[in-house]
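Architecture and fold: a report
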2 protein chains.
Amino acid sequence: MQQIDKLAVSAIRATCIDVVNKAKSGHPGMALGSAPIMYTLFSNHLVANPKEPMWFNRDRFVLSAGHASSLLYTMLHLCGYEVSLDDLKSFRQLGSLTPGHPEFRHTKGVDATSGPLGQGIAQAVGMAMAERAVAHQYPQGKELCSHYTYVLCGDGCLQEGLSQEAISLAGHHKLNKLILFYDSNAVTLDGSLDLSFSENVKGRFKASNWNVLEVEDGNDIDAINEAISKAKTSKSKPTLIIVHTVIGYGSEKQGTCKVHGNPLGEEDGQKAKAFYGYNYPAFEIPQEVYDHFKNTFAKRGEAAYKEYQKTLASYKEKHSGAFKKFERAVNGDVSAYLKGEPKFDPDNNDSTRVSSGKALNELYNKVPFLMGGSADVAGSVMTKITDGVNFSPKTPKGRNVNWGIREFEMAAAQNGMLLHGGLKTYVGAFLVFVDYMKAAVRMAALSKLPGIYLLSHDSLAVGEDGPTHQPIEQLAMLRSIPNVNVIRPCDARETYAAWKVALESKETPTALILSRQNLPLLASKYKEVEKGAYIISKESKRLDATIVATGSEVSLAVEAQKELLARGVDVRVVSMPSTYLFDKQDKQYRESVLGVSKDKVFAVEMLSSFGWYKYADHVMGIDTFGTSAPAKDAIKAYDFTAEHLVKFVLSNL
Amino acid sequence: MQQIDKLAVSAIRATCIDVVNKAKSGHPGMALGSAPIMYTLFSNHLVANPKEPMWFNRDRFVLSAGHASSLLYTMLHLCGYEVSLDDLKSFRQLGSLTPGHPEFRHTKGVDATSGPLGQGIAQAVGMAMAERAVAHQYPQGKELCSHYTYVLCGDGCLQEGLSQEAISLAGHHKLNKLILFYDSNAVTLDGSLDLSFSENVKGRFKASNWNVLEVEDGNDIDAINEAISKAKTSKSKPTLIIVHTVIGYGSEKQGTCKVHGNPLGEEDGQKAKAFYGYNYPAFEIPQEVYDHFKNTFAKRGEAAYKEYQKTLASYKEKHSGAFKKFERAVNGDVSAYLKGEPKFDPDNNDSTRVSSGKALNELYNKVPFLMGGSADVAGSVMTKITDGVNFSPKTPKGRNVNWGIREFEMAAAQNGMLLHGGLKTYVGAFLVFVDYMKAAVRMAALSKLPGIYLLSHDSLAVGEDGPTHQPIEQLAMLRSIPNVNVIRPCDARETYAAWKVALESKETPTALILSRQNLPLLASKYKEVEKGAYIISKESKRLDATIVATGSEVSLAVEAQKELLARGVDVRVVSMPSTYLFDKQDKQYRESVLGVSKDKVFAVEMLSSFGWYKYADHVMGIDTFGTSAPAKDAIKAYDFTAEHLVKFVLSNL
């Protein structure tokens, strides 16, 4: 170990202590233990440019153990990113660049939002998949995209089941450029790890086709360095580097859970610094340390960045068409592929899952960087691509992903792909099983990632599979997440329009809610879908009431409308595929669409009524679980008929 | 293999074919592959009484691969449970006893609702924990509780990350009486398993401290039988029995995904039966097969049942006190422990998480069968039990569970414990991470299991940890699930009352939503909590408007009420800890509490407004993600102050 190694690692640790002490909040434990790992990685390996933090071909780094954020911010500061000493001093304060957990799009140099355990690893797997995919979707694509993805996790991430889905998938895809550090300190928040965990982690990773390396002493920079160098040479496996560390290294409470989530405080902090042999005042970092990172990390990254710019210029000359596509891909720009309004046969009565499958197949052929798949329900959610090539180690240019029965990882890896960039993505599952991926959908929304969720079998019409498979509250769940656009189209036309909205989104994930059953083509309006709601069937003369419906219930409402008119009640039918988009319209538009006061608005949706009272005083929904029966019997048993809707309106008007 | 073995297995397979064909819906693939496993288990090992299907000390069987329900129903029919041939013929029809996926409380002999993959294994781990716990909570408790827990799963369950949490926990706890069959047929819905999966399953289970056995030929009854016998002798490890089967065995499409989820149809069904050498008409089963199960399964089970009744009688004599407790435990009867109304110091300003911790500690000492713990946040969610003993292999009578960072398994295993019976349970996590367990909460609600979720850090007041840790939409998510009682108490008194409601619940899970920050004791009413809402602070003279609040916002509302009165607006404050319970009250009560029409009701909750418009036209909530800052700064930044609430009321009245 060089003298500078010792000094720099001590400076990192001391700064973490200061940062957390100043904030009187934070998690110093893992930060102190992991400091040598981060030091070695950033000094000797990670290729990134602090002046161009979003540079496409940089190595990615994900702090899966997001609570060790003080360590990441300290590294970013030392490495020359836009994180100043003042930013470090305002750690966890309102509006600062250094929030409690790392936030993508908020702090430059942060490649992923993290904190919810397991999701960092899960996202990193998506990044590594994206790296390989992009590298193979272009002629000589490795000139455009060729980098490593590093992740740092602790015990928590590995206890989460999500981590198993992630490592299983990574091993299956032989993601050799994925390198995971496991800071193994044998302590969790509640105490010693062995209270709840006794897995042979090495064995588990090996069983998932990983290369496993181990560093016995977490302070041994040379050993860490050697392990990283070795990991980078792996040809067909991702690598786990287990590093045995001491939580809260240097603190009086080192090695215990007491140092997990509490500041060391002034006294213990001083003692720890003395233990490191580090004699600088709080927040004072010797120039040699800055110089070290300038001469290693920054120099390496800036040189690589310049080299890449040259490569890009020559690539543009050699492959102008491919380069144009690449630029669009990196910018997520699909405008060139989404022109014109599709035409539909008036007799079209495809289920919206089938319409979505057709739209997808068309778009897949048009948009060369559209990539996705489903969680083993391709044939049901209609994500099968005619003549599509599977993404696999043997066919890395394939864009059809077989995610396996791993909904959570699928959604989290999609986040990783979008964090990486260069792809438009979609994932598919039955609507009811979006429950399994809720936390990843939230993460997409929070990180402003425009993932697309194709969620079919969207009501009681699931039929025979019964209540475990029939969504009831799932739409309410999705709609309640900030920044999630839930679109439930009523026919083929609205489905195509929904796909357009989804693909054009830059910062909002979109869930397409699709029927299992056939639905007639209505007088729907392609361009109105982006407004969230519109009048799909006008009242005859006098407006007595308005029925708001979505998806399969729009045709039901139109049917009821006729019957109601025959009975002397003149209603309007509004299709409201997206409450999210509707809420974004101005008041005048919203009032003009609904046309009547709330007490004369009837909402109808064959799922939970929860949330609908914002728009309607009368809601026809289902607030109990479903039942196993052929779809039409189930629907009838729950009174989702035009006849009942007529009664419902008449009795409440 | 005996002649009867062949005949019976063929009869099972033929019946599954008939059942699915008749329904024109179902999943015959795994049913046909797994038939010999089920045959062997039920003939030779499983101890249960078809006449007393809920007998407490029966072996438990969980069909984790719930889509193979036709197989389970066929077994129940053959074994003498109340599943008739007519019931089999009405498979998946409206109101039948044989729904698409097995449903607990619906079909006698079904020990767990299953279908959502991974959750069967996860629940079974909870059952095996409960078996051990109950056996050790009583003197000579093994006389009361001593049985095996069997589970059957397929590839899908093992791909779900939840399965890793479950097997990791089971291995950690050395649950030697848990036996998991893995029907390994190498095919999933979308095709060959190797499209998405290449784990060494054996290695993975061994790394999680399991005993692993393997049966090469899934039709080899003797080998299966031997493996089960061997598994039952395991002293310190759960056992995985990998059985290599052929999906859709006997069908023309055997070994392919085409037979996964589609009926064979008449022709292929006939061919399969011919292949088995089985010559009976549809739904005709030879008497020998019935006799076989009568002489094996039923005889063994009935004898064991009788023996157990004798044991119980003598146990009652020897340990009358323990027996009384046991009876209460089995009936989930806590009435003896919940008498009287607790008293509180008027200066009490405990956070509701602290109040919950105090209530829990008192209850833990009173209710001897109350068991639970948290997902590594005991010190934060306040589930630490003073002098509590950890449930561990060395201290199996301990009732404090260290679930590890495995929220999903924690919630699913709680379901398993409640399915098993003999325990009252609770689990704890941060509210925001209920996202990870959503699917298990739904399963509790669907299965009518009264699990208790202690969810603290219930708003922006989480503070520095920031948006990844601040719940926004989680309450809406929980409230939207049918049959979930969400209670957000406003002070210590309401917290104790909420605990009472939760413990007394028999068929409804309860989520207690707890504050991180201190809250003053208000003029709350212990007995009114069970009505969901009540007037906590009356208007002065004239009722101008009503503010409805929950949890930490009730004190805010009371503060605003004073200021509003000073400004000439006379409002009432309603505490609404539970919308679920409030909705159950009659209209008169509901109207009397609110006192005004909806346009004069203001709801205030420091989370998403989603769902509140059912009660109020004006909602002060937060429909964006939170921010990292000290709690008071974050709250101020989002305008959750009494001052702002006053303005909000004045500007909307």
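Figured I'd write up the structure that's included with this text.

Rules and cut-offs
Residues numbered from 1 in each chain as written. Chains lettered and ligands numbered in written order. Predicted model: local features only at pLDDT ≥ 70, side-chain atom pairs only at ≥ 80, totals over all residues. Heavy atoms only, no water. Helix = DSSP H or I, 4+ residues; strand = E, 2+ residues; numbered from the N terminus. Buried < 20%, exposed > 50% of the residue type's maximum accessible area, 1.4 Å probe, protein only. Contact = heavy atoms within 4.5 Å. Areas by Shrake-Rupley, 256 points an atom, 1.4 Å probe, with all protein chains shown as cover. Lys, Arg positive; Asp, Glu negative; His and termini not counted. Charge placed at Lys NZ, Arg CZ, Asp CG, Glu CD. Patch = residues over 30% accessible without salt bridge, like charges linked within 9 Å, V, L, I, M, F, W, Y side chains within 5 Å. Salt bridge = Lys/Arg side-chain N within 4 Å of Asp/Glu carboxyl O. Axes fitted to C-alpha atoms, helices over the stretch in contact; angles between N-to-C directions. Parallel < 35°, antiparallel > 145°, perpendicular 65-115°, else oblique. Left-handed = near helix turned anticlockwise from the far one by under 90°. Pairing = 2+ DSSP bridges. Expected span 1.5 Å × (residues − 1). Polar contact = N/O pair within 3.5 Å; in protein donor to acceptor, adjacent residues only side chain to side chain. Buried area = accessible area lost by both parts, 1.4 Å probe.

Let us look at the overall build of chain A. Of regular secondary structure, chain A possesses 23 helices and 18 strands. When its C-alpha atoms are laid out on the principal axes, chain A stretches across 90 × 55 × 45 Å. Across the 653 residues of chain A, 69% fall into the buried class. Within chain A, contacts between residues separated by at least 24 positions form 79% of all contacts whose residues are at least 6 apart in sequence. Total accessible area on chain A is roughly 21200 Å²; 49% of this is exposed by carbon and sulfur atoms. If the 74 positive side-chain charges of chain A are averaged to one point and the 72 negative ones to another, these points end up 5 Å apart.

We now examine a positive patch on the surface. Judged by side-chain charge, A:Lys174, A:Lys206, A:Lys237 and A:Lys394 come together as a positively charged surface patch. Turning to its location among the elements, A:Lys237 is positioned in the loop between helix 9 (221-232) and strand 7 (239-244).

Moving on: the packing of helix 1 (residues 3-23) of chain A against helix 3 (residues 69-78) of chain A. All names here are of chain A. Two elements in contact, helix 1 and helix 3, have axes whose closest approach is 9 Å; the angle formed by their N-to-C orientations is 120°. Overall, the two elements helix 1 and helix 3 adopt an arrangement that is oblique. When you trace helix 1 past helix 3, the crossing you get is right-handed. Together, Ile12, Thr15, Cys16, Val19 and Val20 of helix 1 and Ser70, Leu71, Thr74, Met75 and Leu78 of helix 3 make up the contact between the two elements.

Residues and elements named next belong to chain A. Pairing within the open sheet is parallel, and its six strands lie in the order 9-8-10-11-13-12. Single-partner strands in this sheet number two, and they are strand 9 (400-402) and strand 12 (485-487). Pairwise comparison of adjacent strand axes, ignoring direction, gives a mean angle of 20° for this sheet. As paired strands, strand 11 (residues 452-456) and strand 13 (residues 510-514) are joined by five bridges and run parallel to one another.

Right, let's talk about the environment of B:Ala413 for a bit. All names here are of chain B. Here alanine 413 is to be found in helix 15 (residues 407-420). Each C-alpha atom, one on alanine 413 and one on leucine 169, is 9.9 Å from the other, the two residues being 244 residues apart in sequence. Among all residues touching alanine 413, those that are not within four sequence positions of it are Ala122, Gly126 and Trp403.

This part covers helix 18 (residues 492-504) of chain B. Residues and elements named next belong to chain B. Under the 1.5 Å per step criterion, the end-to-end length of helix 18 is 19 Å for 13 residues, consistent within 8% with the ideal 18 Å. Among the 13 residues of helix 18, 12 are classified as buried, and the element is accordingly described as predominantly covered. Those residues of helix 18 that fall on the buried side of the exposure criterion are Ala492, Arg493, Glu494, Thr495, Tyr496, Ala497, Ala498, Trp499, Lys500, Val501, Ala502 and Leu503. Of the residues flanking the start of helix 18, the one acting as N-cap is aspartate 491, its side-chain oxygen 3.2 Å from the backbone nitrogen of arginine 493.

Interfaces are frequently sized by the accessible area removed from exposure as the parts join. Each side of the interface is counted separately: chain A has 94 residues, and chain B has 94 residues. Summing the contributions of chain A and of chain B, the shared interface buries around 7700 Å²; its carbon and sulfur component is 56%. Remark: the boundary between chain A and chain B carries 10 salt bridges. Of the charged contacts, one joins B:Glu473 and A:Lys438 as a salt bridge, the two residues approaching to 2.8 Å between their closest N and O atoms.

Further remarks concern the pattern of salt bridges. Residues and elements named next belong to chain A. The tally for this structure, following the rule as stated, stands at 58 salt bridges over all chains. Lysine 108 is paired through a salt bridge with glutamate 82; the nearest N and O atoms lie 3.4 Å apart. One end of the pair, lysine 108, is in the loop between helix 4 (85-89) and helix 5 (119-136); the other, glutamate 82, is in the loop between helix 3 and helix 4, and 26 residues separate them in sequence. You can call lysine 108 partly exposed: its relative accessible area is 45%. As a salt-bridge pair, lysine 271 and glutamate 267 come within 3.6 Å of each other at their nearest N and O atoms. With lysine 271 and glutamate 267 both in helix 10 (residues 265-276) and four residues apart, the pair spans about one turn of that helix.

Moving on: the pairing of strand 2 (residues 149-153) of chain A. A regular strand places its side chains so that they alternate between the two faces of the sheet. Residue and element names in this part refer to chain A. When you tally the buried positions in strand 2, you get five out of five residues, the bulk of the element. Covered by surrounding structure in strand 2 are Thr149, Val151 and Cys153 together with Tyr150 and Leu152, the residues of both alternating faces. Of the pairings in the sheet, the one linking strand 1 (residues 60-63) to strand 2 comprises four bridges and is parallel in character. Bridge pairing in strand 2 links leucine 63 to leucine 152. Of the strand pairs in this sheet, strand 2 and strand 3 (residues 178-184) are connected by five bridges, and their pairing is parallel. From the neighbouring strand, cysteine 153 faces strand 3, where its bridge partner is tyrosine 182.

Residues and elements named next belong to chain B. Judged by pairing direction, the sheet is parallel, and its six strands sit side by side in the order 9-8-10-11-13-12 without closing on themselves. Each end of this open sheet is capped by a strand with a single partner; those strands are strand 9 (400-402) and strand 12 (485-487). Direction aside, the axes of adjacent strands within the sheet are offset by 20° on average. The pairing of strand 8 (residues 370-374) with strand 10 (residues 424-430) spans five bridges and is parallel. By the bridge assignment for strand 10, glycine 373 is matched with valine 427. Across the sheet, helix 15 is in contact with strand 8, strand 10 and strand 11 (452-456); its angle to strand 10 comes to roughly 170°. Contacting strand 8, strand 10, strand 11, strand 12 and strand 13 (510-514), helix 18 runs over the sheet at an angle of about 165° to strand 13.

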